Amino acid sequence: MTDQVRDVVIAGSGMAGLTAAIYAARADLEPLVLEGDEPGGQLTLTTDVENYPGFSEGVDAFELVEESKEQAGRFGAEYDTASVVDADLDERPFTLELSTDETIRTRAFIVATGASARWVGAENEDEMMGHGLSTCATCDGAFHRGDEVLVIGGGDSAMEEALFLTKFAERVYVVHRREELRASEIMKERAMDDDDIEFMWNTELLEIYGDQDEGVTGARLVSNDDGHPKEAHEEGGNVDLFDFDCGGVFYAIGHTPNTGFLEDTDVRMDDDGYVQTLEGRTSETDVEGVFVGGDVADRHYQQAVTAAGMGCMSAIDAEEWLDGIEAEEKKAQKAD
Ligand SMILES: Cc1cc2nc3c(=O)[nH]c(=O)nc-3n(C[C@H](O)[C@H](O)[C@H](O)COP(=O)(O)OP(=O)(O)OC[C@H]3O[C@@H](n4cnc5c(N)ncnc54)[C@H](O)[C@@H]3O)c2cc1C
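Residues numbered from 1 in each chain as written. Predicted model: local features only at pLDDT ≥ 70, side-chain atom pairs only at ≥ 80, totals over all residues. Heavy atoms only, no water.

A. The arrangement of the sheet that holds strand β10 (residues 133–134) in detail. On the basis of which strands lie adjacent, the open sheet formed by five strands has the order β10-β17-β11-β12-β13 and parallel pairing. Both outer strands of the open sheet, β10 and β13 (197–200), are each paired with one neighbouring strand and no more. Sheet topology places strand β12 (residues 171–175) next to β13; four bridges connect them, and they run parallel. Counted as the bridge partner of Val 172 is Ile 197 from β13. (Pairing = 2+ DSSP bridges. Helix = DSSP H or I, 4+ residues; strand = E, 2+ residues; numbered from the N terminus.)

What follows is the structure, encoded as structure tokens:
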């Protein structure tokens, strides 16, 4: 552990972390950004971003991330490829343990570690993510005008994605591994009443066909009348294997917030691990000096622009908090 105590350390280098870095760096706080396993965040899983303000023709996702990184660097942000593996937030300055076995200390800590979309584990999904395979209908639905698309999942978010996709797609097929949806009654009803949505019950995705130039062209599916089709297939059961032509596949089986390193701290999280902010406040958490921004604290919007906005708020809040404690320290020194 070095003796150095940072003013601000930011965990995460997606749009939330990078925007926090721009604001903190411009406030002369020389933030250190811990980039984690996915430098640039989830946007690096896609190609074109058409809904980020300021780019009338859309922007290449990688370029957006790289430019943001450079922008923060220009004002003094520093980067380290490490992840936070553990955090001691009981005493200030806070102590963070990194994946590189190093330990760093910081007065303010901004958590911007995102929420990773769960993947199905189908063959070819690594290759096709961002090329017709997506985890975000709001982001990529408009690329599928006139296509037949698959939505994988059976919960509320799958119903939301399917309903949204009917605006663009010719037909939406919800692929669900069971015979009953997990979704709430109201979402079930809406999706089942929609003539553009069809359900494939007791069915699972095995493989995605296509390539990065052509995009998704189809999928291999397995179904089994008694449910658990993949399992039955693996066990050599009598299942129905079939290919299906489609122009897009959307995974909608939930997200996992990257907050494992906060488990032993007093930072409040909901049952799924999303960080909770103080009521009526913007980015402050239950632990004074710890701020949060982006998808890790937002299970609803999960967009680049909302993540950036929340990252901005976390840096401004951190800066104001640091100013406050500095003023208190000066007052205490005078009183001595
Ligand atoms: C395929 C796809 C397409 C999308 N398209 C669009 C689009 O067109 N428009 C749009 O607005 N949004 C889009 N999104 C959503 C958008 O990418 C996210 O809303 C946004 O990236 C969230 O930013 P974030 O900074 O909160 O988190 P993320 O982008 O998830 O970044 C999290 C960061 O935290 C780091 N990290 C994780 N754990 C640790 C740790 N322990 N220590 C340190 N760092 C850690 C990761 O390495 C990563 O850098 C898309 C998402 C996907 C998956």
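Following the structure, the description resumes.
B. Spotlight on helix α5 (residues 156–165). Ala 158, Met 159, Glu 161, Ala 162 and Leu 165 are the residues of α5 that are buried. Around the axis of α5, the buried residues are gathered within 165° of arc, so they sit on the same side. In the core, the buried residues of α5 are packed alongside α4 (137–140), β11 (148–152), β12, α6 (185–193), β13 and β17 (248–251). (Buried < 20%, exposed > 50% of the residue type's maximum accessible area, 1.4 Å probe, protein only. Arc of directions from axis to C-beta. Contact = heavy atoms within 4.5 Å.)

C. Spotlight on the nonpolar core. Ranked by size, the top nonpolar core spans 33 residues in total, and within it Ile 10, Met 15, Leu 43 and Ile 110 carry the most contacts. Counting residues per element, the ones that place at least two in this core are β1 (5–11), α1 (15–26), α2 (61–74), β8 (103–111) and α8 (304–335). Those residues within four positions of Leu 43 in sequence are excluded, and the remaining contacts are Met 15, Val 49, Ala 61, Leu 64, Val 65 and Ala 304. Counting 22 residues, the second-largest nonpolar core is a separate cluster that includes Ala 87, Phe 109, Val 292 and Val 296. (Core = buried A, V, L, I, M, F, W, Y, C linked by side-chain atoms within 4.5 Å.)

D. Structural view of the environment of Glu 288. Topologically, Glu 288 is positioned in the loop between β18 (255–257) and β19 (290–292). Along the backbone, Glu 288 and Phe 109 are 179 residues apart, and their C-alpha atoms lie at a distance of 9.6 Å. At 2.9 Å, the side chain of Glu 288 forms a polar contact with the side chain of Trp 321. (Polar contact = N/O pair within 3.5 Å; in protein donor to acceptor, adjacent residues only side chain to side chain.)

E. Fine view of the site of the ligand. Lining the immediate environment of the ligand, one finds 33 residues, of which Glu 35, Glu 38, Gln 42, Asn 51 and Ala 304 sit closest. At 3.0 Å from an oxygen atom of the ligand is found a side-chain nitrogen or oxygen belonging to Ser 13. One of the side-chain nitrogen or oxygen atoms of Asn 51 is found 2.8 Å away from a nitrogen atom of the ligand. Protein coverage of the free-state accessible area of the ligand, which is 1,000 Å², stands at 96%. At the level of secondary structure, the elements contributing two or more residues to the shell around the ligand comprise α1, α4 and α8. (Near = heavy atom within 4 Å. Areas by Shrake-Rupley, 256 points an atom, 1.4 Å probe, with all protein chains shown as cover.)

F. Here's a closer look at the pairing of β1. Burial analysis of β1 places five of its seven residues in the buried class, the great majority of the element. Two strands pair when backbone bridges link them, and β1 and β8 are joined in this way by six bridges, in the parallel orientation. From the neighbouring strand, Arg 6 faces β8, where its bridge partner is Thr 106. Pairing analysis gives three bridges linking β1 to strand β2 (residues 32–34), with the strands arranged parallel. The residue bridging Val 9 from the neighbouring strand is Leu 32, located in β2.

G. Representation of the pattern of salt bridges in the model. By the definition in use, this model includes twelve salt bridges. Close ionic contact of Arg 92 with Glu 288 constitutes a salt bridge, the shortest N to O distance being 3.8 Å. Taken together, the residues span a long stretch of sequence, with Arg 92 in the loop between β6 (84–88) and β7 (94–98) and Glu 288 in the loop between β18 and β19 at a distance of 196 residues. In this structure, the salt-bridge partner of Lys 188 is Glu 185, at a minimum N-O distance of 3.1 Å. Placement of the pair is Lys 188 and Glu 185 together in helix α6, with a separation of three residues, close to one helical turn. Among the residues examined, Glu 185 registers a relative accessible area of 55% and is labelled exposed. Connected through shared salt-bridge partners, Asp 7, Arg 107 and Glu 329 make up one network. (Salt bridge = Lys/Arg side-chain N within 4 Å of Asp/Glu carboxyl O.)

H. How the structure looks around a negative patch on the surface. On the surface, a cluster of negative charge is contributed by Asp 86, Asp 88, Asp 90, Glu 91, Glu 97, Asp 101, Glu 102, Glu 263, Asp 264 and Asp 266. Among the structural elements, Glu 102 can be located in the loop between β7 and β8. (Patch = residues over 30% accessible without salt bridge, like charges linked within 9 Å, V, L, I, M, F, W, Y side chains within 5 Å. Lys, Arg positive; Asp, Glu negative; His and termini not counted. Charge placed at Lys NZ, Arg CZ, Asp CG, Glu CD.)

I. Representation of the side chain of Ser 83 within the structure. In this fold, Ser 83 is placed in the loop between β5 (78–80) and β6. Among residues more than four places away in sequence, those in contact with Ser 83 are Gly 36, Asp 37, Glu 97, Leu 98 and Ser 99.

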